[in-house]
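# Structure at a glance
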Amino acid sequence: MKILLLSSAYNSLTQQAHVELKALGHGVGVGIATTAETMREAVHQFQPELILCPMLAQIIPRDIWERHTCLILHPGIVGDRGPNALDWAILNGETTWGVTVVQAAEHVDAGLIWASADFAMRPASKSSLYRDEVAKAAVQAMLVAVRRFESRLYVPRPLDYAHRSVRGRFRPAVGREVRRIDWSSDSVAQILGKIRSADGAPGVLDEIGGLPVYLYGGHAEGTLIGRPGDIIAQRDGAICRAAVDGAVWISHLKASGERPDQHFKLPAAQVLGERLAGVPEIPLPPEAADLGATFRDIWYEERNDVGYLNFRFYNGAMGTEHCRRLQKAMWYARQRPTRVIVLLGGRDFWSNGIHLNLIEAADDPAGESWENINAMNDFVLSVLTATDHLTIAALYGSAGAGGVMMALAADSVLAREGIVLNPHYKAMGGLYGSEYWTYSLPRRVGPTLAEQLTEQCLPVGVHQARAMGLIDGIVIQDAPGDFAQFRDQIVRVAEQRAHGPQFRQRLAQKRAEREAHERARPLADYRAEELEHMRRNFWGEDPGYHLARSAFVRKQPRPGNLRCSAALEAACGNPQCEEAHRAERNRCALAGLNGVSARQPSPAPGQPAAGS
C-alpha cells in the first residue's frame, strides 16, 4: 500500500513507524505537518491509500479525513481523550496505560477504534516512557490496524463509554497550577511525578533565586537532606534541591521569558551560574560503589572479568566535559584486570553525538563545536585502540549521528529490537561528521553503502542494520520496557566471550588487525581529514551548520514538508513525489537545513535530540 505518515515532526516514533512499514514492503511517504496547508500539500503530492499519524499536534482538516482514512496513534487507553494523555497518566499514578489507533473524525480522539495495545507503567519521565513503552505499543497497534485496513473486511468499533471495558475519559490540558511544586509541603514522590509528567515539554515552571525557570530531568536523592526548597548540592551540572522528606536532583533548566526561542534547555548549574555560589560540588568517581538513589550520568561496574561502563546523558547529548569524563572512565576500565568492556548507554538514547545546546549557548559556538568534536574523538579513539580488551557496544536506546559512529568503534555492536539508528550528519546543515566514521563505517558496510547512509539521511531499523553489517546482533526481549532483561542478556553474552575458548584468539586477531590497519593508514590520518571538513563547517563561508543548529536548538521552523526515501521514489512511480523529494533536497542544500532530520525539533516528547 501507499501509506503517508503525517506527523508534526520526524520524531522517534515516526521514524520507527517509517522503518517498520518499509520493511513490510509498503510505499511510505513522510509529511511534516505543521499547518493544515502542509497536510493538504503532502496528501495531494503523495495520493495515499492510507494516512497514519504517529505524532500530530495539529487537527486534520475535514476535507482530508472525509476523503481518506486517517488513523491517529493516540498515547492513551481506549476512551482517553485530550492533548495530555501521558501527562495525566503519570500524574494520576496509573499502573497500566496504552495506545489507541483511532480514526480521525469531527470530535478529536472520538472516532472509530481500529486497534489498541496496553503496557505497564514504570516510574519514569514522559519522554522516557514515550520512547520505550509507548513506542513499542504504538507500533504493535499500528501494524494490527494496517493489516485490518488491508483486509478490507474489518469494521472498526465506535467509542462506547457505556461499555465496561472503556476506562478512559476526556481530560483537559494540564494547567500550570496542576504541576506547580510547593517545596514546603510536596513530597519527593509528588515532585518527581510533576517533573516527569512535563519532561520533554513543557517542563515545570518554578522559581530559583528569583529566576523563573522550567525544570527537567528529575532524580531522587536517597541521602542528602536540607531545608525544603534550598539547593544543597551540585554534581556534573545538576542541582540537588531539598524537599520535606528528602531531596530531588534536577539535571536541566530552561529560563522563562517573553521570547521562548531565546531560551533553551541547559545543565541546571549553567543556567543558575552565580546563584550557586557556596553550594558544594559533590562529585562521584565512576568506580564508586552503589550509593542508592542519586544522580550520576557515568559509572563503572565490574563482574566476572567484565567491566561495564554505564553512561546516561540527557537526550543522548554529549558535551565536551561529558566526553572527557567518559574518556577518563574508559581509561580506568582499560587498566582493570578484566577481559571484556561493555559500553552500556541509557534506555532513552545510546548517544546522539555532540551537544548542540551547549554549543549554541557558548560565547564562541564554532570554537566550542571544535572542542566538543575533538573530545568526542578522543573518547572514540580510546575505544578503537583498546586492544587489551574485547569491547561491546550495547544499544538499548536509539542513536544518531556521532552516537552511531561512536558505537561502531566497539568490536561488537548489539542493539535492542525496535530502536532506530541514524548514521548520518548532513541533516544538520551539511555537517560532515567525525568520530573516525570514515574508518569505521566503510569497514563494516563497504564504501558504497557508507556513502548512501551518510548522504540519504534516513533512519535504519535494526534488522536492516544487521543485514548490511552495521550492527552484529539484535537483542530480542519478551516484553517492552524491560531494561533489566536487556542488561541480563548482555551480561550473559559478555561473560560468555570473556570465558569462551576463543577469547585469546579473538584478542590476538584484534591486535593484529589494528596493527595492520595502522600501517596501511594511521587513525590520525582519518581524524585529520574529517576535521578538515569540520573546520570548514565551523569557520567556512557556508553558515549551514550554524543556521541549522540554531533553528534546531531554538525550536524554530525549518523548511520542507514531504520526504520519501530514494527507494520509494522508484517504487511508487509518482512523479510529483519524486519531484517534491528533489526540490526538498535542493531547498535544504540552499538553506543549509534539512526538512526531515533525525533531530527535527518537536513540541512533543520522544524525539531524538541532542540536548534539546
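Residues numbered from 1 in each chain as written. Predicted model: local features only at pLDDT ≥ 70, side-chain atom pairs only at ≥ 80, totals over all residues. Heavy atoms only, no water.

A few words on the overall build of the protein. What the protein contains, in helices and strands, is 21 helices and 23 strands. Here the C-alpha radius of gyration of the protein, 24 Å, is about what a compact globule of 612 residues would show, namely 25 Å. Along the first, second and third principal axes, the C-alpha atoms of the protein reach 65 × 60 × 55 Å. The proportion of buried residues among the 612 residues of the protein is 61%. At a minimum sequence separation of 6, the contacts of the protein that also span at least 24 residues come to 71%. (Helix = DSSP H or I, 4+ residues; strand = E, 2+ residues; numbered from the N terminus. Rg over C-alpha atoms; globule rule 2.2 N^0.38 Å. Buried < 20%, exposed > 50% of the residue type's maximum accessible area, 1.4 Å probe, protein only. Contact = heavy atoms within 4.5 Å.)

Here we come to the sheet that holds strand β18 (residues 398-400). Across the sheet, four strands lie side by side as β16-β18-β20-β21; this open sheet has mixed pairing. At either margin of the open sheet sits one strand with a lone partner, and together these are β16 (349-351) and β21 (460-461). Running over the sheet, helix α1 (residues 12-23) touches β20 (420-422) and β21 and is turned about 105 degrees from β20. (Pairing = 2+ DSSP bridges. Axes fitted to C-alpha atoms, helices over the stretch in contact; angles between N-to-C directions.)

On to the packing of aromatic side chains. What the rule picks out here adds up to 16 aromatic pairs. Residues tyrosine 432 and tryptophan 437 carry aromatic rings whose centres are separated by 5.5 Å and whose planes lie at 50 degrees to one another, so their mutual orientation is tilted. Taken together through their ring pairs, the aromatic side chains of Trp370, Phe538, Trp539 and Tyr545 make up a single cluster. Here the guanidinium or amino end of arginine 148 rests over the ring plane of tyrosine 154, the centre of that ring lying 4.4 Å away. Seen from the ring of tyrosine 545, arginine 549 lies directly overhead, with NZ or CZ sitting 5.0 Å from the centre. (Phe/Tyr/Trp six-rings, centres within 6.5 Å; stacked < 30°, edge-to-face > 60°. Lys NZ or Arg CZ within 6 Å of the ring centre and 35° of its normal.)

To continue, consider the environment of alanine 393. Within the secondary structure, alanine 393 is located in strand β17 (residues 390-395). Residue alanine 393 is classed as buried on the basis of its relative accessible area, which comes to 0%. Counting along the chain gives 51 residues from alanine 393 to valine 342, while the straight-line C-alpha distance between them is 6.0 Å. In this structure, alanine 393 is in contact with Leu343, Trp350, Ala407, Ala410, Ser412, Val413 and Leu414, ignoring residues within four places of it in sequence.

Because each turn of an α-helix spans 3.6 residues, side chains separated by three or four positions in sequence point in the same direction. With 18 residues, helix α17 (residues 503-520) ought to run about 26 Å at 1.5 Å a step, and its terminal C-alpha atoms sit 26 Å apart, in line with that. If you check which residues of α17 are buried, you get Phe503, Leu507, Lys510 and Arg514. Seen along its axis, α17 keeps its buried residues to an arc of 55 degrees; they face one direction. The exposed set on the far side of α17, more than 90 degrees from its buried face, consists of Arg504, Gln505, Arg519 and Ala520. Turning to α17, the residues buried within the fold contact α11 (365-384), β17, α13 (437-445), α16 (483-499) and α18 (523-539). (Expected span 1.5 Å × (residues − 1). Arc of directions from axis to C-beta.)

Soluble, globular proteins show a tendency: their nonpolar side chains are buried together. By size, the foremost hydrophobic cluster in this structure holds 95 residues, and its most contacted members are Leu215, Leu253, Leu343, Trp350, Leu395, Leu421 and Leu441. Among the elements that line this core, the one with the most residues is α11, at nine residues. Excluding anything up to four places from it in sequence, leucine 395 contacts Trp350, Ala407, Val413, Leu414, Ala415, Arg416, Ile419, Leu421 and Phe486. Counting residues in each nonpolar core, the second largest holds 43 residues, with Leu73, Val101, Trp114 and Met121 among its members. (Core = buried A, V, L, I, M, F, W, Y, C linked by side-chain atoms within 4.5 Å.)

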